[in-house]
Amino acid sequence: MKARTILGLASIGSSLYLLSRDKELRRKLTSMIPADKTEGLSQKVDEVISKAYERLCIAHTREISRLQEEIDDLKRELRSSNRDVAHEGPATE
């Protein structure tokens, strides 16, 4: 993923998290629904937000893992290049 995508996911994730914790918004939404449906809606909202947040965390974890692997590969290449240079000795003109 590109940085823009990661920032977008982070923004969406934080927005979802904040919305899930917004008691005033939840109160307004539940006041619009008949009392017998309120509890089920609240549970459904919690489930949807939890799943979305979990997916975002998984996406971030995968991206971090991919970047760590890329860093490790670059470190190996650098060590290999350093060994090659050391083996060849100083350059003479």
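On a predicted model such as this, the values are computed, not experimentally measured, just so you know. (Residues numbered from 1 in each chain as written. Predicted model: local features only at pLDDT ≥ 70, side-chain atom pairs only at ≥ 80, totals over all residues. Heavy atoms only, no water.)

Peer 1: Looking at this model, I keep getting lost on the overall build of the chain. Mind explaining?
Peer 2: When helices and strands are tallied, the chain shows three helices and zero strands. Looking at the chain as shown, the accessible area adds up to about 8100 Å², and 58% of this sits on carbon and sulfur atoms. (Helix = DSSP H or I, 4+ residues; strand = E, 2+ residues; numbered from the N terminus. Areas by Shrake-Rupley, 256 points an atom, 1.4 Å probe, with all protein chains shown as cover.)

Peer 1: Explain a nonpolar patch on the surface here, please?
Peer 2: Among the surface-exposed residues, Tyr 17, Leu 18 and Tyr 53 lie close enough to one another that they form a single nonpolar patch of about 310 Å² accessible area. Turning to its location among the elements, Leu 18 is positioned in helix H1 (residues 3-21). (Patch = residues over 30% accessible without salt bridge, like charges linked within 9 Å, V, L, I, M, F, W, Y side chains within 5 Å. Salt bridge = Lys/Arg side-chain N within 4 Å of Asp/Glu carboxyl O.)

Peer 1: Explain the pattern of salt bridges to me, please; I cannot follow it from the model alone.
Peer 2: Once the charged atoms of two side chains with opposite charge are near each other, the side chains can pair. The final tally for this structure, using the stated rule, is three salt bridges. With a closest N to O distance of 3.1 Å, Arg 66 and Glu 70 form a salt bridge. Within this pair, Arg 66 and its partner Glu 70 are both found in helix H3 (residues 35-88), separated by four residues, close to a single helical turn. Glu 70 sits in the partly exposed class, given a relative accessible area of 39%. In this structure, the salt-bridge partner of Arg 76 is Asp 73, at a minimum N-O distance of 2.3 Å. (Buried < 20%, exposed > 50% of the residue type's maximum accessible area, 1.4 Å probe, protein only.)

Peer 1: Mind showing me how you'd approach the confidence of the model for the chain here?
Peer 2: In low-pLDDT segments, the atomic positions of the prediction should not be examined closely. Per-residue confidence for the chain averages 76 on the pLDDT scale, and 77% of its residues sit at or above 70. Across the chain, H3 holds the top mean pLDDT of 82, while H1 sits lowest at 70. (pLDDT = per-residue confidence, 0-100.)

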